[in-house]
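Structure at a glance
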Amino acid sequence: METLSENVCFGGAQGVYRHHAQSTGCDMTFGLFLPAEAKLHPVPLVWYLSGLTCTHENAMTKADAQAHAAANGLAIVFPDTSPRGDGVADDDAYDLGQGAGFYVNATQDPWAAHYRMWEYVSDELPRILMANFALEEDRQAITGHSMGGHGALTLAMRLPGRFTSVSAFAPIANPSASDWGRKQFTAYLGADEAAWAAHDASCLMRQDGFRGEVLIDQGSADQFLDLLRPEALAEAMAARRQPGVFRMQPGYDHSYFFVASFMADHIGFHARALAL
C-alpha cells in the first residue's frame, strides 16, 4: 500500500492511500480519516460511499464529515466508486463505466474483468483497513450519497451484523424501476431482472429490512427525484415497519451542499448506534 498524502485534520489525520486490488484487477485509491483517539486505541469506522462521477476525493473535501467524526472519535473511509485505468472498460456516458460502478459484481463483458465493486467494498478493502489501521472490526456503520446511498443500503441489508446502523443521502432507492439502475444493471448483470433484486434497496427492505435503525434524508427540490424514486423506499420501510426515519428536507437539491447540511445529523446518528 502506498501513502499518497497524510494531513493533520481536526487533531487527527486525513490520509489518501493507493493499493493494487485483487478484486478489481487494478490500482484502487481510498481516503481514510482517523481521529486523534486512533493514536491510542482502535476506533469505530464509518463507511461513506460516493455517487456517480465521484472519486474518493469528492466527499473527503466537500461533505464536512471530518469535524463531526473527530468530535465523536470516529474514523471515516472514502472508497472510490469504480475501478479505473487505461485497461479498464469505460463508456462515454457519465452514468456507466468508470465513476459508475454501482457497487455490484459485473457478470457481463466487457465489465466483468474489473467491475467487482461489491467484492472490493464488502471484502477486500475491509481486510486491508483492519490489517493496517487502528480500527474496530466489530463497530462499523455505513452511509452514502445517491449511487453511494444505494450501495450503503444494499450492503447493510445483505450483510446482517456487519453494520450497527445505516443512513443515506438521496439514495437511488429503486434502481430496478429507474433509468439510474436499469441501464447499469443490464450492462453489468445482464437482462435477467431476477438478478437485480439483490441490488435494489426497496426490494431488500420489503424482503428483509435492516436489523438496526435507518436514517434517510432526501431533498424535496432534488433535480433527480424521478430517477431516485424515494417514495418506493419510504413505502417499503412503512410496509416492513422498519425502525428508523425518512425525512424529506424542504428546498434541498442533490448537491454536496445538501450532504454537508445534514452530515452532523448522520454522524451523530451513527455515533449513538456505535456507542451501544
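One structure accompanies this document, and this report is about it. What you see is a predicted model; the values in this text were computed from it and never measured. (Residues numbered from 1 in each chain as written. Predicted model: local features only at pLDDT ≥ 70, side-chain atom pairs only at ≥ 80, totals over all residues. Heavy atoms only, no water.)

**A word on the overall build of the protein**
This is how it is decided: Strands here are runs of E lasting at least two residues and helices are runs of H or I lasting at least four, both read from the DSSP assignment and numbered beginning at the N terminus. Radius of gyration: C-alpha atoms only; globule rule: 2.2 Å multiplied by the number of residues to the exponent 0.38. Throughout this description, buried means an accessible area under 20% of the type-specific maximum (1.4 Å probe, protein chains only), exposed means over 50%, and partly exposed covers the range between. Contacts between residues were defined by any pair of non-hydrogen atoms, one from each residue, lying within 4.5 Å. The Shrake-Rupley method, run with a 1.4 Å probe, gives the accessible areas here. Residue values count only the displayed protein chains as cover. All tallies of charge rest on Lys and Arg as positive and Asp and Glu as negative; His and the ends of each chain are not included. Charge coordinates come from a single atom per side chain, which is NZ of Lys, CZ of Arg, CG of Asp or CD of Glu.
The secondary structure content of the protein amounts to 9 helices and 9 strands. Scaling as 2.2 N^0.38, a compact globule of 276 residues should have a C-alpha radius of gyration of about 19 Å, and the protein matches this with 17 Å. If you line up the protein on its principal axes, its C-alpha atoms span 50 × 45 × 35 Å. Burial status across the protein gives 58% buried among its 276 residues. When contacts within the protein are restricted to residue pairs at least 6 apart in sequence, those whose partners lie at least 24 apart make up 72%. Only carbon and sulfur atoms are counted for the fraction: they give 49% of the accessible area of the protein, which is about 11,000 Å². Treating the 18 positive side-chain charges of the protein as one cloud and the 32 negative ones as another, the clouds have centres 6 Å apart.

**With respect to the pattern of salt bridges**
Oppositely charged side chains can pair when the atoms bearing their charge come close. Stated formally: Criterion for a salt bridge: a side-chain nitrogen of Lys or Arg within 4 Å of a carboxyl oxygen of Asp or Glu.
Under the defined criterion, the tally for this structure stands at 10 salt bridges. Measuring nitrogen to oxygen at the nearest pair gives 2.9 Å for the salt bridge that ties Arg139 to Glu136. Relative accessible area serves as the criterion here: at 27%, Arg139 is assigned to the partly exposed category.

**Description of helix α8 (residues 230-240)**
Our working definition: Directions pointing from the helix axis toward each C-beta atom define the arc.
Regarding α8, the residues found buried are Pro230, Ala232, Leu233, Ala236 and Met237. Mapping the buried residues of α8 onto a view down its axis gives an arc of 160 degrees, with all of them on the same face. Its buried side turned inward, α8 meets α4 (147-158), α6 (201-207), β8 (213-219), α7 (225-228) and β9 (244-249). Downstream of α8 by one or two residues, Arg241 has phi in the positive range, about 55 degrees.

**A word on helix α9 (residues 256-274)**
In plain terms, the rule: Here the expected length of a helix is defined as 1.5 Å per residue gap, with one fewer gap than residues. To obtain the bend at a residue, axes are fitted to the seven residues ending there and to the seven starting there, and the angle between these axes is taken.
The terminal C-alpha atoms of α9 lie 25 Å apart, and with 19 residues this matches the ideal 27 Å at 1.5 Å per residue to within 8%. Most pronounced at Phe262, the bend in α9 amounts to some 50 degrees.

**Comments concerning the packing of aromatic side chains**
Quick reminder of the rule: Geometry of aromatic contacts follows a simple scheme: Phe, Tyr and Trp rings, the Trp one being its six-membered ring, pair when their centres are within 6.5 Å, and the pair is stacked under 30 degrees between planes, edge-to-face over 60, tilted otherwise. Sitting over a ring, as applied to charges here, requires NZ of Lys or CZ of Arg to be within 6 Å of the ring centre and within 35 degrees of the ring normal.
By the definition in use, this model includes 13 aromatic pairs. Between Tyr48 and Phe78 the ring centres are 6.1 Å apart and the planes differ by 50 degrees, which places this aromatic pair in the tilted class. You can see Tyr48 sitting in strand β4 (residues 43-49) and its partner Phe78 sitting in strand β5 (residues 75-79), a full 30 residues away along the chain. Across the pair, exposure class does not vary: Tyr48 and Phe78 are buried alike. Ring centres of Tyr115 and Tyr188 lie 5.6 Å apart, and the angle between their planes is 20 degrees; on these two criteria the pair is classed as stacked. Taken together, the residues span a long stretch of sequence, with Tyr115 in the loop between β5 and α3 (117-132) and Tyr188 in helix α5 (residues 179-189) at a distance of 73 residues. Across the pair, exposure class does not vary: Tyr115 and Tyr188 are buried alike. Ring pairs connect the aromatic residues Phe169, Tyr252, Phe258 and Phe262, which therefore count as one cluster. Directly above the ring of Trp118 sits Arg158, whose terminal nitrogen or CZ lies 4.1 Å from the centroid.

**A closer look at the nonpolar core**
Side chains of a nonpolar character, in soluble globular proteins, are inclined to be buried together. Our working definition: What makes a nonpolar core is a set of buried Ala, Val, Leu, Ile, Met, Phe, Trp, Tyr and Cys residues whose side-chain atoms join them at distances within 4.5 Å.
Core analysis: the largest hydrophobic core is formed by 89 residues, its most contacted members being Trp47, Leu129 and Tyr188. For this core, the element with the most residues is α9, which contributes 8 residues. Aside from chain neighbours lying at most four places away, what touches Trp47 is Val77, Pro79, Val121, Leu125, Pro126, Leu129, Gln140, Ala141, Ile142, Thr143 and Phe163.

**Concerning the packing of α3 against α4**
Spelled out, the test is: Angles here are taken between N-to-C directions and fall from 0 to 180 degrees, while the axes themselves are lines fitted to C-alpha atoms, restricted in helices to the stretch in contact. Angle categories: roughly parallel below 35 degrees, roughly antiparallel above 145, roughly perpendicular from 65 to 115, and oblique for all the rest. Crossings are assigned a handedness: left-handed for a near helix turned anticlockwise from the far helix by less than a right angle, right-handed for a clockwise turn.
Packing of α3 against α4 leaves a shortest axis separation of 12 Å and a crossing angle of 60 degrees. Taken as axis vectors, α3 and α4 run oblique relative to one another. Here α3 and α4 pass one another in a crossing that is right-handed. Each of Trp118, Val121 and Ser122 in α3 lies in contact with α4, whose residues at this interface are Thr154, Leu155 and Arg158.

**Digging into the pairing of strand β3 (residues 26-34)**
Put simply, the rule reads: Two strands pair under a simple rule: DSSP has to find at least two bridges between them.
Most of β3 sits inside the fold, with 8 of its 9 residues counted as buried. The turn linking strand β2 (residues 12-21) back onto β3 is made up of 4 residues, and Gly25 within it adopts a positive phi angle of 65 degrees.

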